[in-house]
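An overview of the molecular structure
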Amino acid sequence: MEMMLRGAIPLMQVDPACLVPMMGAKVCAGFPSPADDYIEEALDPSRLIITNPVSTFLWRVTGCSMIERGILDGDFVVVDRSLTVKVGDVVVAIIDGQPSLKVVKRRAGRLVLDFANKAMGHLQLDETSEAIVWGVVTWSLTQHRKLS
Amino acid sequence: MKRVYALSDGNSFYCSCERVFDPSLIDKPVVVLSNNDGCVVARTPEAKAMGIPMGVPWFEIRDSYLKAGGKVRSSNYALYGDMSRRVNAVYERFADEVEVYSIDESFLDLSRAPDPEAHARVMRDTVLRWTGIPTCVGLGPTRVLAKAANHLAKKRAEMGGVCDLTDPERRAALLATLAIEDVWGIGRALSARLAAHGVRNAAQLAAMPPKSARQILSVTGERIVLELSGVHCSALEITPPAKKGIAVTRSFGRPVTTLAEMEEAVRTHAVRAGEKLRRNGRAAPHIQVFYFTSRHRNAPQRSVSGIEHFPVATSDSMALAAAACRVARRLWADGFIYAKSGVMLEGLIDPADAVPDLWHTPDPRRAELMRAMDAVNMRYGRNMLAPAGVTYQRPWSLKQDLRSPRWTTRLDEVPTVMAR
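Because the structure is a prediction, the values reported are computed rather than measured.

Turning our eyes to something else, we now look at the interface of chain A and chain B. Counting residues at the interface gives 46 residues for chain A, matched by 45 residues for chain B. For the pairing of chain A and chain B, the buried interface totals around 3,900 Å² over both sides, and the portion due to carbon and sulfur atoms is 60%. One can count 18 residue pairs in polar contact (both at pLDDT 80 or more) joining chain A with chain B. In the side of chain A that touches chain B, the residues fall into 27 nonpolar, 13 polar and 6 charged.

Pasting the structure below:
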């Protein structure tokens, strides 16, 4: 069972093969550039998108209610549970036991949850509905080219 | 400096892990089953209230439990291991030293906190917010008292999940409400013996003269009594109750940067864990390996954990060591300075209850070999005889029908959030 090998989510780690070294000079035939002695530390995308690995989780998006915030059906979202919710955040909210993506807005002095898709209008919650914020979305990842 | 120990553990840990990613389980009775869905190994308070006993065979309660609206999951150790790693990473931020005791329990050194109880409350809130796991924290000047305090924090909702037994007066009052069988290391047999001497609660036990404690309880019992009265005994080593599992963790004496060193470390842990297993007469269905860098070092950080299941539950040091090395190798990445590693064995069973596997019949001579090895080490000192090389065979798989997805360790199994 290749549990961690193939499927590991690089939240805490990055396969060294994925690191992108930044070269000091363009590739050229002939003498190597003296600047190549100054290869920078490799870029690690996970360090860019994950600031607190302990509290960060990945979720997969299904549906189109967030398209005006650039989050598409099938995207991955990076969710940090350690952040305090602010107006304008996209959050994973648990509404009546169901996880969903919503935008946090201020309306009439109250914080409310809403869609980010005009075609869907505004979210109307029943008086009896219960909503809690699970975590704050910090990044979304869209794949633009399927790799084999 | 006054010592302050904390024992922090996850409330119904396995069930709580399930609830983090499946909110439909919140407020519902939830049980988690052992490997191969044999019996109940974790219950939420709602399931306890339904009268579901710990360890009951699943088939005995299945129909009535499900009819009453109870929820069930197979054990998902990939998830529990990852959540455990995260919870311990939060502890590392709050404590000078973290000793992982089992998958859901850790001892912390909070001696330097100006107000340990307030510190523990902030830590508990942080663990809950960051990981979604509710915990209870017990504080005391010794580990036995920290454990007793943890027990009280769990039983008494009004304490808000934190119980502080560092103050002697408060300690005396609270220990009087704790039954002796709930004291760490005092089993049912010893409780009966103590009751015959009129000792019924933890305060009476703490007040016992050490000499008579030794007569009734032996050396370990005497140390427990001393610790209960606030005297720290460094020699005290109490193995977790068999059902809880076994953890062996060490900080490295010097930074580890190569796979060869890491393999040697986890192999040593696995061999040690194997000894503990056999001493307790248990077998492990799987092994978890973890290692991480030091947060206090200004260098790239990395923390990983992985798991391997055995076809048949085992207590064979060689099988444990081989599996530990395979996991360590799978998780390895160069370029980090590792500070600590460990192995954990959970879901332990009586070897007689191990489900035989048609394709993997353990060699009976291996059990003999382990017995011989233990006898030699008992006589000539630890590690006199230890397995050397290990083989790297292909791992195997296991059937778990009711397992939730490996939400945090598999890209194709991360939870789905609706945008509708």
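Now, onward.
On to a negative patch on the surface. Negative charge collects at one region of the surface, where Asp96, Asp126, Glu127 and Glu130 of chain A together with Asp27 of chain B lie side by side. Judged by relative accessible area, which is 82%, glutamate 127 of chain A ranks as exposed.

Looking now at the nonpolar core. Residues Trp59, Val77, Leu101 and Trp134 of chain A together with Phe21, Tyr80 and Met83 of chain B are the most contacted members of the largest nonpolar core, which totals 59 residues. With 9 residues, the single largest contributor to this core is helix α4 (residues 77-94) of chain B. When residues no more than four places from it in sequence are discounted, the contact partners of phenylalanine 21 of chain B are Phe57, Trp59 and Trp134 of chain A together with Leu79, Met83, Trp407, Thr408 and Pro415 of chain B. In terms of nonpolar packing, the next biggest core, distinct from the first, is built from 35 residues, Tyr5, Leu178, Trp184 and Met208 of chain B among them.

Moving on: the UniProt feature "domain: UmuC" (unreviewed entry) in chain B. According to UniProt, the "domain: UmuC" (unreviewed entry) feature falls on residues 5-187 of chain B. Structurally, residues 5-187 of chain B is divided into 43% helix and 21% strand, and its ends, taken at the C-alpha atoms, are 23 Å apart.

What follows covers the sheet that holds strand β10 (residues 284-293) of chain B. Residues and elements named next belong to chain B. Spatial ordering of the open sheet is given by β9-β12-β10-β11, a layout of 4 strands whose pairing is antiparallel. The open sheet has two edge strands with one neighbour each: β9 (246-256) and β11 (303-314). Neighbour to neighbour, the strand axes of the sheet diverge by 15 degrees on average, direction disregarded. Relative to strand β12 (residues 338-345), β9 runs antiparallel, the two sharing 7 bridges.

Moving on to the sheet that holds strand β4 (residues 71-74) of chain B. All names here are of chain B. One open sheet holds the 3 strands; their spatial order is β3-β2-β4, and the pairing between them is mixed. Either end of the sheet is taken by a strand with one partner, and the two such strands are β3 (40-43) and β4. Each strand axis lies, on average, 25 degrees off the axis of its neighbour in the sheet, ignoring direction. Sheet analysis places strand β2 (residues 30-33) next to β3, joined by 3 bridges and oriented antiparallel. Bridge assignment links valine 32 to a residue of β3, and that residue is alanine 42.

In this section: the packing of aromatic side chains. This structure, assessed with the given rule, holds 19 aromatic pairs over all chains. Consider the rings of tryptophan 58 of chain B and tyrosine 65 of chain B, whose centres lie 6.0 Å apart with planes at 80 degrees: the pair is edge-to-face. Ring centres of phenylalanine 336 of chain B and tyrosine 338 of chain B lie 6.2 Å apart, and the angle between their planes is 45 degrees; this geometry places the pair in the tilted category. Chaining the aromatic ring pairs together yields one cluster made of Phe57, Trp59 and Trp134 of chain A together with Phe21 and Trp407 of chain B. The side chain of arginine 81 of chain A reaches across the aromatic face of tryptophan 134 of chain A, ending 4.7 Å from its centre. Over the ring of phenylalanine 107 of chain B we find arginine 143 of chain B; its NZ or CZ atom is 5.3 Å from the centre of that ring.

Our focus in this paragraph is the packing of helix α6 (residues 143-155) of chain B against helix α10 (residues 210-228) of chain B. All names here are of chain B. Relative to each other, α6 and α10 sit at 70 degrees, their axes nearing to 7 Å. It follows from the interaxial angle that α6 and α10 lie roughly perpendicular. Between α6, through Arg143, Val144 and Leu145, and α10, the contact on the second element is made entirely by Ile224, Glu227 and Leu228. Across the contact of α6 with α10, the residue classes tally to 4 nonpolar, no polar and 2 charged.

What follows concerns the pattern of salt bridges. As enumerated under the stated definition, the model contains 23 salt bridges over all chains in all. Notably, a salt bridge pairs aspartate 22 of chain B with arginine 73 of chain B, separated by 2.9 Å at the nearest N-O pair. One end of the pair, aspartate 22 of chain B, is in the loop between α1 (13-21) and β2; the other, arginine 73 of chain B, is in strand β4, and 51 residues separate them in sequence. Comparing aspartate 22 of chain B with arginine 73 of chain B shows no difference in burial state: the two are buried. Taken together, the shared-partner salt bridges connect Lys105, Arg107 and Asp114 of chain A into one network.

Of note, the phi angle at alanine 108 of chain A is positive, near 50 degrees, even though the residue is not glycine. With relative accessibility at 82%, the residue alanine 108 of chain A sits in the exposed group. Of note, the phi angle at aspartate 27 of chain B is positive, near 70 degrees, even though the residue is not glycine. Turning to its location among the elements, aspartate 27 of chain B is positioned in the loop between α1 and β2.

This part takes up helix α13 (residues 364-380) of chain B. Count 3.6 residues to each turn of an α-helix, and residues three or four apart come out pointing the same way. Residues and elements named next belong to chain B. The end-to-end C-alpha distance of α13 is 25 Å, a good match for the 24 Å that 17 residues give at a rise of 1.5 Å each. Every buried residue of α13 is accounted for by Met370, Met373 and Asn377. On an axial view of α13, the arc spanned by its buried residues comes to 65 degrees, and they lie on one face. Seen from the buried face of α13, the exposed residues on the opposite side, beyond 90 degrees, are Pro364, Arg365, Arg371, Met378 and Arg379. Looking at the buried residues of α13, the elements they touch are α11 (259-279) and α12 (317-331).

In total, this model carries 0 disulfides over all chains according to the counting rule given. No disulfide involves cysteine 39 of chain B; its nearest neighbouring cysteine sulfur is the one of cysteine 15 of chain B, lying 13 Å away.

Calculation criteria
- Residues numbered from 1 in each chain as written.
- Chains lettered and ligands numbered in written order.
- Predicted model: local features only at pLDDT ≥ 70, side-chain atom pairs only at ≥ 80, totals over all residues.
- Heavy atoms only, no water.
- Contact = heavy atoms within 4.5 Å.
- Buried area = accessible area lost by both parts, 1.4 Å probe.
- Polar contact = N/O pair within 3.5 Å; in protein donor to acceptor, adjacent residues only side chain to side chain.
- Nonpolar A, V, L, I, M, F, W, Y, C, P; charged D, E, K, R; others polar.
- Patch = residues over 30% accessible without salt bridge, like charges linked within 9 Å, V, L, I, M, F, W, Y side chains within 5 Å.
- Areas by Shrake-Rupley, 256 points an atom, 1.4 Å probe, with all protein chains shown as cover.
- Salt bridge = Lys/Arg side-chain N within 4 Å of Asp/Glu carboxyl O.
- Lys, Arg positive; Asp, Glu negative; His and termini not counted.
- Charge placed at Lys NZ, Arg CZ, Asp CG, Glu CD.
- Buried < 20%, exposed > 50% of the residue type's maximum accessible area, 1.4 Å probe, protein only.
- Core = buried A, V, L, I, M, F, W, Y, C linked by side-chain atoms within 4.5 Å.
- Helix = DSSP H or I, 4+ residues; strand = E, 2+ residues; numbered from the N terminus.
- UniProt positions renumbered as here; feature names shortened; annotations may be inferred.
- Pairing = 2+ DSSP bridges.
- Axes fitted to C-alpha atoms, helices over the stretch in contact; angles between N-to-C directions.
- Phe/Tyr/Trp six-rings, centres within 6.5 Å; stacked < 30°, edge-to-face > 60°.
- Lys NZ or Arg CZ within 6 Å of the ring centre and 35° of its normal.
- Parallel < 35°, antiparallel > 145°, perpendicular 65-115°, else oblique.
- Expected span 1.5 Å × (residues − 1).
- Arc of directions from axis to C-beta.
- Disulfide = S-S within 2.5 Å.

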